[in-house]
Amino acid sequence: MISVAEAQSRCLALVRPLHPETVPLTDAAGRVLAAPVKAGRAQPPFAASAMDGYAVRAEDCHPGAVLAVVGEAAAGHGWAGQVNPGEAVRIFTGAPVPAGADRVVIQEDVTRSGPRITLGDTLENSTNIRPEGADFASDFTLSAPRMLTPSDLALLAAMNAGHVQVTRKPEVAIIATGDELVMPGERPNPDQIIASNLFALKAMIEAAGGRARLLPVARDNEASLMTVYDMAMGADLIVTIGGASVGDHDLVAQVAARFGLQQSFYKIAMRPGKPLIAGAFADGTAYLGLPGNPVSAIVCGHLFLLPMLRAMLGLTDHLPTVLRARLAAPVAGNGPRAHYMRAHLAEDETDRRVTAFDRQDSALLTVLVRANGLLIRPPHDGPRAAGDMVEVLPLLP
Ligand SMILES: Nc1nc2c(c(=O)[nH]1)N[C@H]1C(S)=C(S)[C@@H](COP(=O)(O)OP(=O)(O)OC[C@H]3O[C@@H](n4cnc5c(N)ncnc54)[C@H](O)[C@@H]3O)O[C@H]1N2
Ligand code: MOO
(Lines give C-alpha, C1' and ligand atoms only; values in the text may rest on other atoms or scores of the structure.)
(Ligands and ions follow the chains in the order given, each with its own letter.)
Protein backbone atom coordinates (compact mmCIF):
# COMPACT_ATOMS: atom_id res chain seq x y z
CA MET A 1 0.00 0.00 0.00
CA ILE A 2 1.31 3.46 -0.90
CA SER A 3 1.53 6.37 1.54
CA VAL A 4 -0.94 9.27 1.71
CA ALA A 5 1.68 11.65 0.24
CA GLU A 6 2.42 9.29 -2.66
CA ALA A 7 -1.31 8.85 -3.32
CA GLN A 8 -1.80 12.64 -3.31
CA SER A 9 0.96 13.17 -5.83
CA ARG A 10 -0.40 10.40 -8.08
CA CYS A 11 -3.88 11.95 -7.87
CA LEU A 12 -2.46 15.34 -8.86
CA ALA A 13 -0.62 13.73 -11.79
CA LEU A 14 -4.02 12.70 -13.21
CA VAL A 15 -5.28 16.27 -13.68
CA ARG A 16 -4.18 19.55 -15.23
CA PRO A 17 -5.50 23.13 -15.22
CA LEU A 18 -8.61 23.60 -17.36
CA HIS A 19 -8.88 26.28 -20.05
CA PRO A 20 -9.88 29.82 -19.10
CA GLU A 21 -13.13 31.49 -20.09
CA THR A 22 -14.22 35.14 -19.96
CA VAL A 23 -17.04 36.04 -17.59
CA PRO A 24 -18.65 39.32 -16.55
CA LEU A 25 -17.48 40.55 -13.16
CA THR A 26 -20.98 39.95 -11.77
CA ASP A 27 -20.46 36.20 -12.31
CA ALA A 28 -16.86 36.04 -11.08
CA ALA A 29 -17.34 35.50 -7.31
CA GLY A 30 -15.55 32.36 -6.16
CA ARG A 31 -14.02 31.80 -9.59
CA VAL A 32 -10.28 31.43 -10.07
CA LEU A 33 -8.67 34.35 -11.89
CA ALA A 34 -6.68 32.78 -14.73
CA ALA A 35 -4.66 35.76 -15.97
CA PRO A 36 -3.31 38.85 -14.18
CA VAL A 37 -5.37 42.00 -14.57
CA LYS A 38 -3.70 45.41 -15.04
CA ALA A 39 -5.50 48.51 -13.79
CA GLY A 40 -5.04 50.89 -16.75
CA ARG A 41 -6.11 53.84 -14.57
CA ALA A 42 -5.13 55.07 -11.11
CA GLN A 43 -7.53 55.19 -8.17
CA PRO A 44 -8.35 57.82 -7.29
CA PRO A 45 -7.62 59.13 -10.79
CA PHE A 46 -7.15 62.67 -9.34
CA ALA A 47 -6.30 64.12 -5.94
CA ALA A 48 -9.64 63.83 -4.17
CA SER A 49 -11.13 65.42 -1.09
CA ALA A 50 -11.59 62.97 1.79
CA MET A 51 -14.02 65.32 3.61
CA ASP A 52 -16.81 67.85 3.15
CA GLY A 53 -15.37 71.34 3.69
CA TYR A 54 -13.33 73.99 1.87
CA ALA A 55 -10.32 73.52 -0.41
CA VAL A 56 -7.69 76.11 0.43
CA ARG A 57 -3.97 76.83 0.03
CA ALA A 58 -1.99 75.47 2.99
CA GLU A 59 -0.21 78.83 3.41
CA ASP A 60 -3.62 80.48 4.06
CA CYS A 61 -4.58 77.90 6.61
CA HIS A 62 -4.23 79.50 10.04
CA PRO A 63 -6.73 80.13 12.85
CA GLY A 64 -9.02 83.09 12.19
CA ALA A 65 -8.06 83.49 8.49
CA VAL A 66 -10.85 84.98 6.35
CA LEU A 67 -11.08 83.61 2.79
CA ALA A 68 -13.32 84.35 -0.22
CA VAL A 69 -15.38 81.39 -1.52
CA VAL A 70 -14.93 81.43 -5.30
CA GLY A 71 -16.53 78.15 -6.45
CA GLU A 72 -17.81 74.69 -5.66
CA ALA A 73 -16.43 71.18 -6.40
CA ALA A 74 -18.66 68.14 -5.88
CA ALA A 75 -18.10 64.42 -6.59
CA GLY A 76 -18.51 63.98 -10.33
CA HIS A 77 -18.47 67.77 -10.88
CA GLY A 78 -14.99 69.22 -10.55
CA TRP A 79 -14.25 72.96 -10.46
CA ALA A 80 -12.07 74.00 -13.34
CA GLY A 81 -10.61 77.20 -11.87
CA GLN A 82 -7.52 77.95 -9.82
CA VAL A 83 -7.56 78.65 -6.07
CA ASN A 84 -5.47 81.79 -5.52
CA PRO A 85 -4.09 83.14 -2.22
CA GLY A 86 -6.95 84.31 0.02
CA GLU A 87 -9.49 82.11 -1.77
CA ALA A 88 -11.38 78.92 -0.90
CA VAL A 89 -13.59 76.51 -2.88
CA ARG A 90 -16.56 74.75 -1.29
CA ILE A 91 -15.76 71.04 -1.71
CA PHE A 92 -17.45 67.71 -0.99
CA THR A 93 -16.07 64.23 -0.29
CA GLY A 94 -14.85 62.55 -3.47
CA ALA A 95 -14.55 65.76 -5.50
CA PRO A 96 -11.31 66.56 -7.38
CA VAL A 97 -9.23 69.07 -5.43
CA PRO A 98 -8.97 72.19 -7.61
CA ALA A 99 -5.63 73.50 -8.87
CA GLY A 100 -3.82 75.69 -6.38
CA ALA A 101 -5.45 74.07 -3.30
CA ASP A 102 -3.43 71.60 -1.27
CA ARG A 103 -5.54 71.30 1.84
CA VAL A 104 -9.20 70.75 2.78
CA VAL A 105 -10.49 72.32 5.99
CA ILE A 106 -13.51 70.38 7.27
CA GLN A 107 -16.70 72.39 7.46
CA GLU A 108 -16.94 71.85 11.24
CA ASP A 109 -13.83 74.07 11.57
CA VAL A 110 -15.26 76.89 9.44
CA THR A 111 -17.84 79.64 9.95
CA ARG A 112 -19.53 80.69 6.73
CA SER A 113 -20.97 84.08 6.22
CA GLY A 114 -22.23 84.71 2.68
CA PRO A 115 -19.30 84.60 0.20
CA ARG A 116 -16.71 84.46 2.99
CA ILE A 117 -15.44 81.86 5.49
CA THR A 118 -13.52 82.30 8.71
CA LEU A 119 -11.31 79.45 9.84
CA GLY A 120 -11.72 78.27 13.45
CA ASP A 121 -9.30 78.56 16.36
CA THR A 122 -8.11 74.97 16.26
CA LEU A 123 -7.43 73.36 12.88
CA GLU A 124 -6.56 69.76 12.18
CA ASN A 125 -3.13 68.84 10.83
CA SER A 126 -4.47 66.54 8.13
CA THR A 127 -4.64 67.75 4.53
CA ASN A 128 -7.84 65.67 4.08
CA ILE A 129 -6.71 64.96 0.52
CA ARG A 130 -6.31 61.51 -1.01
CA PRO A 131 -3.46 61.81 -3.53
CA GLU A 132 -3.93 60.51 -7.07
CA GLY A 133 -3.17 56.75 -7.07
CA ALA A 134 -3.41 56.49 -3.24
CA ASP A 135 -5.21 53.14 -3.62
CA PHE A 136 -3.46 51.94 -6.78
CA ALA A 137 -1.40 53.35 -9.64
CA SER A 138 -2.34 52.79 -13.30
CA ASP A 139 0.28 50.02 -13.63
CA PHE A 140 -1.07 48.09 -10.61
CA THR A 141 -1.67 44.41 -11.39
CA LEU A 142 -3.85 41.91 -9.56
CA SER A 143 -1.97 38.64 -9.77
CA ALA A 144 -3.31 35.24 -10.88
CA PRO A 145 -4.15 32.55 -10.02
CA ARG A 146 -6.38 33.49 -7.10
CA MET A 147 -9.87 32.55 -6.02
CA LEU A 148 -11.84 35.78 -6.27
CA THR A 149 -13.20 37.07 -2.97
CA PRO A 150 -15.87 39.75 -2.62
CA SER A 151 -13.09 42.26 -1.89
CA ASP A 152 -11.23 41.18 -5.05
CA LEU A 153 -14.37 41.88 -7.07
CA ALA A 154 -14.62 45.41 -5.69
CA LEU A 155 -10.95 46.00 -6.51
CA LEU A 156 -11.36 44.63 -10.06
CA ALA A 157 -14.41 46.85 -10.53
CA ALA A 158 -12.43 49.89 -9.33
CA MET A 159 -9.78 48.89 -11.89
CA ASN A 160 -12.52 49.10 -14.56
CA ALA A 161 -12.37 45.38 -15.37
CA GLY A 162 -15.92 44.62 -16.57
CA HIS A 163 -14.96 41.08 -17.62
CA VAL A 164 -12.24 38.76 -16.33
CA GLN A 165 -10.61 35.54 -17.45
CA VAL A 166 -11.30 32.69 -15.04
CA THR A 167 -10.59 28.98 -15.16
CA ARG A 168 -13.53 26.94 -16.39
CA LYS A 169 -15.30 25.30 -13.44
CA PRO A 170 -14.28 21.64 -13.20
CA GLU A 171 -17.32 19.41 -13.47
CA VAL A 172 -17.25 16.48 -11.08
CA ALA A 173 -19.70 13.62 -11.64
CA ILE A 174 -20.55 11.82 -8.40
CA ILE A 175 -21.81 8.25 -8.48
CA ALA A 176 -23.01 6.66 -5.26
CA THR A 177 -23.12 2.88 -5.55
CA GLY A 178 -24.94 0.18 -3.59
CA ASP A 179 -28.20 -1.78 -3.48
CA GLU A 180 -28.69 -0.57 0.08
CA LEU A 181 -28.96 3.11 -0.82
CA VAL A 182 -32.00 5.31 -1.25
CA MET A 183 -32.01 9.08 -1.50
CA PRO A 184 -33.16 11.26 1.42
CA GLY A 185 -36.95 11.56 1.45
CA GLU A 186 -37.48 8.22 -0.26
CA ARG A 187 -38.93 5.24 1.59
CA PRO A 188 -36.17 2.75 2.47
CA ASN A 189 -36.79 -0.99 2.85
CA PRO A 190 -35.82 -2.43 6.24
CA ASP A 191 -32.40 -3.47 4.85
CA GLN A 192 -31.65 -0.14 3.21
CA ILE A 193 -30.02 3.11 4.40
CA ILE A 194 -30.00 6.67 3.15
CA ALA A 195 -27.21 7.84 0.83
CA SER A 196 -25.44 10.59 2.75
CA ASN A 197 -21.82 11.30 1.91
CA LEU A 198 -22.51 12.51 -1.64
CA PHE A 199 -24.21 15.60 -0.19
CA ALA A 200 -21.06 16.48 1.76
CA LEU A 201 -18.91 15.90 -1.31
CA LYS A 202 -21.17 18.02 -3.51
CA ALA A 203 -21.01 20.87 -1.00
CA MET A 204 -17.24 20.56 -0.67
CA ILE A 205 -16.77 20.61 -4.45
CA GLU A 206 -18.99 23.64 -4.88
CA ALA A 207 -17.35 25.54 -2.01
CA ALA A 208 -13.97 24.83 -3.61
CA GLY A 209 -15.08 26.29 -6.96
CA GLY A 210 -16.20 23.20 -8.88
CA ARG A 211 -19.54 22.06 -10.25
CA ALA A 212 -20.91 18.79 -8.87
CA ARG A 213 -23.27 16.60 -10.89
CA LEU A 214 -25.05 14.00 -8.74
CA LEU A 215 -25.92 10.95 -10.84
CA PRO A 216 -28.55 8.34 -10.01
CA VAL A 217 -27.39 5.73 -7.48
CA ALA A 218 -25.75 2.82 -9.31
CA ARG A 219 -26.85 -0.59 -8.11
CA ASP A 220 -24.41 -3.39 -7.33
CA ASN A 221 -24.54 -4.95 -10.79
CA GLU A 222 -22.59 -4.43 -13.96
CA ALA A 223 -25.50 -3.22 -16.07
CA SER A 224 -26.45 -0.48 -13.63
CA LEU A 225 -22.85 0.64 -13.17
CA MET A 226 -22.32 0.67 -16.95
CA THR A 227 -25.38 2.86 -17.42
CA VAL A 228 -24.35 5.37 -14.77
CA TYR A 229 -20.69 5.50 -15.90
CA ASP A 230 -22.00 6.21 -19.36
CA MET A 231 -24.02 9.13 -17.98
CA ALA A 232 -20.93 10.45 -16.19
CA MET A 233 -18.71 10.61 -19.27
CA GLY A 234 -17.92 14.18 -20.32
CA ALA A 235 -17.22 15.29 -16.75
CA ASP A 236 -13.70 16.47 -15.88
CA LEU A 237 -13.50 14.09 -12.94
CA ILE A 238 -15.61 11.03 -12.17
CA VAL A 239 -15.98 10.07 -8.53
CA THR A 240 -17.57 6.85 -7.31
CA ILE A 241 -18.52 6.22 -3.71
CA GLY A 242 -18.44 2.67 -2.30
CA GLY A 243 -17.97 -0.67 -3.92
CA ALA A 244 -14.22 -0.20 -3.71
CA SER A 245 -13.37 -2.92 -1.24
CA VAL A 246 -12.87 -6.66 -1.68
CA GLY A 247 -16.47 -7.90 -1.26
CA ASP A 248 -18.31 -9.92 -3.94
CA HIS A 249 -20.44 -6.87 -4.74
CA ASP A 250 -17.56 -4.39 -4.98
CA LEU A 251 -17.59 -3.90 -8.75
CA VAL A 252 -16.75 -0.24 -9.39
CA ALA A 253 -13.20 -0.81 -10.59
CA GLN A 254 -14.09 -3.92 -12.64
CA VAL A 255 -16.79 -2.05 -14.55
CA ALA A 256 -14.63 1.08 -14.89
CA ALA A 257 -12.06 -1.11 -16.66
CA ARG A 258 -14.65 -1.62 -19.43
CA PHE A 259 -14.36 2.14 -20.06
CA GLY A 260 -10.61 1.83 -20.34
CA LEU A 261 -9.74 2.80 -16.77
CA GLN A 262 -6.00 2.65 -16.16
CA GLN A 263 -5.49 2.42 -12.43
CA SER A 264 -2.83 4.64 -10.91
CA PHE A 265 -3.19 2.97 -7.53
CA TYR A 266 -5.56 0.89 -5.43
CA LYS A 267 -5.36 0.90 -1.63
CA ILE A 268 -3.42 3.33 0.51
CA ALA A 269 -1.86 3.11 3.97
CA MET A 270 -4.50 5.33 5.53
CA ARG A 271 -7.35 5.02 8.00
CA PRO A 272 -10.06 5.81 7.07
CA GLY A 273 -9.71 5.39 3.32
CA LYS A 274 -7.78 2.20 2.69
CA PRO A 275 -9.65 1.04 -0.45
CA LEU A 276 -9.13 4.34 -2.35
CA ILE A 277 -8.71 3.94 -6.12
CA ALA A 278 -7.44 6.50 -8.62
CA GLY A 279 -6.81 6.41 -12.33
CA ALA A 280 -7.77 7.76 -15.74
CA PHE A 281 -10.31 6.59 -18.31
CA ALA A 282 -9.32 5.92 -21.91
CA ASP A 283 -10.23 9.50 -22.90
CA GLY A 284 -8.01 10.94 -20.15
CA THR A 285 -10.84 11.76 -17.71
CA ALA A 286 -9.59 11.48 -14.14
CA TYR A 287 -11.22 8.95 -11.83
CA LEU A 288 -11.33 8.72 -8.05
CA GLY A 289 -13.00 5.77 -6.33
CA LEU A 290 -13.83 6.70 -2.73
CA PRO A 291 -14.60 4.15 -0.02
CA GLY A 292 -18.28 3.94 0.87
CA ASN A 293 -18.16 4.54 4.60
CA PRO A 294 -19.47 8.08 5.03
CA VAL A 295 -16.51 9.39 7.04
CA SER A 296 -13.97 7.62 4.79
CA ALA A 297 -15.47 9.22 1.69
CA ILE A 298 -15.53 12.70 3.22
CA VAL A 299 -12.01 12.49 4.69
CA CYS A 300 -10.70 11.24 1.33
CA GLY A 301 -12.61 14.13 -0.26
CA HIS A 302 -10.53 16.58 1.79
CA LEU A 303 -7.23 14.81 1.19
CA PHE A 304 -7.49 13.75 -2.48
CA LEU A 305 -10.57 15.13 -4.25
CA LEU A 306 -10.17 18.79 -3.25
CA PRO A 307 -6.46 18.87 -4.17
CA MET A 308 -7.35 17.48 -7.64
CA LEU A 309 -10.03 20.14 -7.98
CA ARG A 310 -7.63 22.90 -6.97
CA ALA A 311 -5.12 21.68 -9.55
CA MET A 312 -7.82 21.67 -12.26
CA LEU A 313 -8.73 25.22 -11.23
CA GLY A 314 -5.14 26.26 -11.85
CA LEU A 315 -4.46 27.12 -8.20
CA THR A 316 -0.94 26.55 -6.93
CA ASP A 317 -1.45 25.38 -3.32
CA HIS A 318 -3.12 22.04 -3.76
CA LEU A 319 -2.74 20.17 -0.51
CA PRO A 320 -4.70 20.96 2.65
CA THR A 321 -3.03 23.07 5.32
CA VAL A 322 -1.48 21.15 8.19
CA LEU A 323 -1.03 22.85 11.58
CA ARG A 324 1.01 21.97 14.65
CA ALA A 325 -0.95 21.52 17.88
CA ARG A 326 -0.45 20.22 21.40
CA LEU A 327 -2.22 17.03 22.45
CA ALA A 328 -4.79 17.80 25.16
CA ALA A 329 -5.11 14.12 26.10
CA PRO A 330 -2.90 11.07 25.48
CA VAL A 331 -3.42 8.81 22.44
CA ALA A 332 -2.49 5.13 22.02
CA GLY A 333 0.17 3.91 19.58
CA ASN A 334 -0.85 3.75 15.91
CA GLY A 335 -0.82 0.76 13.54
CA PRO A 336 0.69 0.47 10.05
CA ARG A 337 -1.72 2.94 8.36
CA ALA A 338 -1.66 6.72 8.86
CA HIS A 339 -4.67 7.50 11.01
CA TYR A 340 -6.65 10.70 10.39
CA MET A 341 -8.52 10.85 13.68
CA ARG A 342 -11.63 12.95 14.08
CA ALA A 343 -10.70 15.58 16.63
CA HIS A 344 -11.55 18.88 18.24
CA LEU A 345 -9.11 21.75 17.82
CA ALA A 346 -9.18 24.64 20.30
CA GLU A 347 -7.09 27.77 20.03
CA ASP A 348 -6.32 30.73 22.29
CA GLU A 349 -3.65 33.46 22.07
CA THR A 350 -0.91 31.20 23.39
CA ASP A 351 -1.72 27.64 22.42
CA ARG A 352 -3.47 25.34 19.97
CA ARG A 353 -4.70 22.11 21.57
CA VAL A 354 -6.22 19.04 19.95
CA THR A 355 -8.35 16.25 21.44
CA ALA A 356 -9.12 13.09 19.47
CA PHE A 357 -12.61 11.68 19.98
CA ASP A 358 -12.94 8.22 21.58
CA ARG A 359 -15.05 6.74 18.79
CA GLN A 360 -13.25 6.63 15.44
CA ASP A 361 -15.43 4.21 13.42
CA SER A 362 -15.59 5.53 9.83
CA ALA A 363 -19.37 5.08 9.76
CA LEU A 364 -20.06 7.75 12.43
CA LEU A 365 -21.27 11.01 10.93
CA THR A 366 -22.31 12.34 14.36
CA VAL A 367 -18.65 12.21 15.40
CA LEU A 368 -17.49 13.85 12.16
CA VAL A 369 -19.97 16.67 12.70
CA ARG A 370 -18.40 17.44 16.09
CA ALA A 371 -14.89 17.43 14.58
CA ASN A 372 -13.23 20.61 13.35
CA GLY A 373 -9.93 18.88 12.61
CA LEU A 374 -8.21 15.60 11.88
CA LEU A 375 -5.37 14.57 14.17
CA ILE A 376 -2.74 12.98 11.90
CA ARG A 377 -1.05 9.90 13.34
CA PRO A 378 1.84 8.73 11.18
CA PRO A 379 2.14 4.97 10.52
CA HIS A 380 3.61 3.09 13.52
CA ASP A 381 3.66 6.27 15.66
CA GLY A 382 4.10 5.26 19.29
CA PRO A 383 1.80 6.25 22.17
CA ARG A 384 1.72 10.03 22.69
CA ALA A 385 1.31 11.88 25.98
CA ALA A 386 -0.73 15.00 26.71
CA GLY A 387 1.41 18.01 25.80
CA ASP A 388 3.19 16.31 22.86
CA MET A 389 3.23 18.30 19.61
CA VAL A 390 1.31 16.67 16.75
CA GLU A 391 0.02 17.56 13.28
CA VAL A 392 -3.61 18.48 12.63
CA LEU A 393 -5.52 19.10 9.45
CA PRO A 394 -8.22 21.71 10.12
CA LEU A 395 -11.61 20.89 8.60
CA LEU A 396 -13.01 24.04 7.05
CA PRO A 397 -16.61 24.79 8.00
N1 LIG B 1 -12.72 -8.03 4.23
C2 LIG B 1 -12.57 -6.71 4.19
N3 LIG B 1 -13.64 -5.94 4.32
C4 LIG B 1 -13.52 -4.60 4.29
C5 LIG B 1 -12.24 -4.03 4.15
C6 LIG B 1 -11.13 -4.87 3.97
O7 LIG B 1 -9.99 -4.42 3.83
N8 LIG B 1 -11.36 -6.21 3.99
N9 LIG B 1 -12.13 -2.67 4.18
C10 LIG B 1 -13.12 -1.98 4.96
C11 LIG B 1 -12.95 -0.57 4.79
S12 LIG B 1 -11.61 0.12 5.50
C13 LIG B 1 -13.84 0.20 4.16
S14 LIG B 1 -13.63 1.90 4.10
C15 LIG B 1 -15.04 -0.34 3.56
C16 LIG B 1 -15.22 0.36 2.20
O17 LIG B 1 -15.74 -0.47 1.31
P18 LIG B 1 -16.41 -0.02 -0.03
O19 LIG B 1 -15.74 1.16 -0.60
O20 LIG B 1 -16.53 -1.20 -0.87
O21 LIG B 1 -17.81 0.52 0.44
P22 LIG B 1 -19.19 -0.26 0.57
O23 LIG B 1 -18.94 -1.63 1.00
O24 LIG B 1 -19.96 -0.02 -0.65
O25 LIG B 1 -19.80 0.60 1.76
C26 LIG B 1 -19.23 0.65 3.02
C27 LIG B 1 -20.28 1.17 4.00
O28 LIG B 1 -20.64 2.48 3.66
C29 LIG B 1 -22.02 2.55 3.37
N30 LIG B 1 -22.20 3.46 2.21
C31 LIG B 1 -21.78 3.23 0.97
N32 LIG B 1 -22.08 4.27 0.18
C33 LIG B 1 -22.72 5.15 0.96
C34 LIG B 1 -23.31 6.42 0.71
N35 LIG B 1 -23.27 7.00 -0.51
N36 LIG B 1 -23.88 7.06 1.74
C37 LIG B 1 -23.93 6.49 2.96
N38 LIG B 1 -23.39 5.29 3.25
C39 LIG B 1 -22.81 4.64 2.27
C40 LIG B 1 -22.43 1.15 3.03
O41 LIG B 1 -23.78 0.92 3.25
C42 LIG B 1 -21.54 0.33 3.96
O43 LIG B 1 -22.11 0.30 5.25
O44 LIG B 1 -14.94 -1.74 3.42
C45 LIG B 1 -14.55 -2.42 4.63
N46 LIG B 1 -14.62 -3.81 4.42
O1 MOO C 1 -10.51 2.80 5.42
MO2 MOO C 1 -12.03 2.39 5.94
O3 MOO C 1 -12.25 3.88 5.23
O4 MOO C 1 -11.07 2.45 7.45
O5 MOO C 1 -13.26 2.67 7.03
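Residues numbered from 1 in each chain as written. Chains lettered and ligands numbered in written order. Predicted model: local features only at pLDDT ≥ 70, side-chain atom pairs only at ≥ 80, totals over all residues.

Looking at an unreviewed UniProt entry, the chain carries the name Molybdopterin molybdenumtransferase, with the source organism given as Seohaeicola saemankumensis. Under the Pathway (unreviewed entry) heading, UniProt states for the chain: "Cofactor biosynthesis; molybdopterin biosynthesis." Annotation of the chain in UniProt includes, under Function (unreviewed entry), the sentence "Catalyzes the insertion of molybdate into adenylated molybdopterin with the concomitant release of AMP." (UniProt positions renumbered as here; feature names shortened; annotations may be inferred.)

**Student:** Which residues make up the site of ligand 2, and what values do they have?
**Tutor:** Within the structure, ligand 2 sits among R271, P272, G273, K274, P291, N293, S296 and S362. Counted by class, the shell around ligand 2 contains 2 nonpolar, 4 polar and 2 charged residues. (Near = placed C-beta within 6 Å. Nonpolar A, V, L, I, M, F, W, Y, C, P; charged D, E, K, R; others polar.)

**Student:** An account of the environment of L303 is requested, with residue identities and associated values reported.
**Tutor:** When you line up the elements, L303 lands in helix α6 (residues 294-312). When the C-alpha atoms of L303 and F136 are compared, they prove to be 38 Å apart, with 167 residues separating the residues in sequence. The residues touching L303, leaving out its near neighbours within four places in the chain, are V4, Q8 and P320. (Helix = DSSP H or I, 4+ residues; strand = E, 2+ residues; numbered from the N terminus. Contact = placed C-beta atoms within 7 Å.)

**Student:** Go over the site of ligand 1 with me, naming the residues and quoting the values.
**Tutor:** In the region of ligand 1, 26 residues are neighbours, and G242, A244, S245, P291 and G292 sit closest. Listing elements by their share of the shell around ligand 1, those giving two or more residues are α3 (197-207) and α6. Residue composition of the shell around ligand 1, by class: 12 nonpolar, 11 polar and 3 charged.

**Student:** Please provide a residue-by-residue account of the UniProt feature "domain: MoaB/Mog" (unreviewed entry) in the chain, values included.
**Tutor:** UniProt's entry tags residues 173-311 with the feature "domain: MoaB/Mog" (unreviewed entry), counted in the numbering of this structure. Secondary structure across residues 173-311 divides into 34% helix and 24% strand, with the first and last C-alpha atoms of the span separated by 17 Å.

**Student:** Hey, could you go over the sheet that holds strand β23 (residues 286-290) for me, with residue numbers and the actual values?
**Tutor:** Spatial strand order, β18-β15-β19-β23-β22-β20: 6 strands in an open sheet with mixed pairing. Edge strands, defined here as strands with exactly one partner in the open sheet, are β18 (211-214) and β20 (262-266). Going from strand to strand, the sheet's axes swing by 20° on average, the running direction of each strand aside. The sheet strands contacting α6 are β19 (237-241) and β23, and the helix crosses β23 at an angle near 165°. (Pairing = 2+ DSSP bridges. Axes fitted to C-alpha atoms, helices over the stretch in contact; angles between N-to-C directions.)

**Student:** Residue-level account of α6, with values.
**Tutor:** In a regular helix each residue adds 1.5 Å, so 19 residues correspond to 27 Å; α6 covers 25 Å between its end C-alpha atoms and thus fits that length. In the structure, α6 departs most strongly from a straight axis at G301, where the bend amounts to approximately 50°. In terms of residue burial, α6 counts as a mostly covered element, since 18 of its 19 residues are buried. A positive backbone phi angle near 85° is found at G314, which sits one or two residues after α6. (Expected span 1.5 Å × (residues − 1). Bend = angle between axes of the 7 residues up to and from the residue. Buried ≥ 20, exposed ≤ 12 C-beta atoms within 10 Å, placed from the backbone.)

**Student:** Any chance you could break down the environment of S138 for me, citing the residues and the numbers?
**Tutor:** By the secondary structure assignment, S138 is in the loop between β11 (129-130) and β12 (141-142). Note: C-alpha distance between S138 and T321 (183 residues apart in sequence) is 35 Å. Sequence-distant contacts of S138, that is, excluding residues within four places in its chain, are made with A39, G40, R41 and A42.

**Student:** Mind laying out helix α4 (residues 222-232), listing which residues take part and the relevant values?
**Tutor:** Listing the buried residues of α4 in full gives L225, V228, Y229 and A232. Looking straight down α4, one finds its buried side chains confined to an arc of 105°; they lie on one side. Summarising the geometry of α4, the exposed residues directed more than 90 degrees from the buried face are A223 and D230. Taken together, the buried residues of α4 touch β15 (171-176), β19 and α5 (252-258). Note on α4: the residue one or two positions beyond its end, G234, has a positive phi of about 105°. (Arc of directions from axis to C-beta.)

**Student:** Talk me through unusual backbone geometry; I want residue IDs and the actual numbers.
**Tutor:** Going from A144 to P145, the amide bond is cis rather than trans, its omega being 0°. Inspection of the secondary structure assignment puts P145 in the loop between β12 and β13 (146-147). Put simply, R271 and P272 share a cis peptide bond, and its omega is 0°. Tracing the sequence through the fold places P272 in the loop between β21 (270-271) and β22 (277-280). One non-glycine residue, N160, adopts positive backbone phi at about 70°. Secondary-structure assignment places N160 in the loop between α2 (150-158) and β14 (163-167). With phi around 85°, K267 is a residue other than glycine that occupies positive phi space. Of note, K267 is situated in the loop between β20 and β21.

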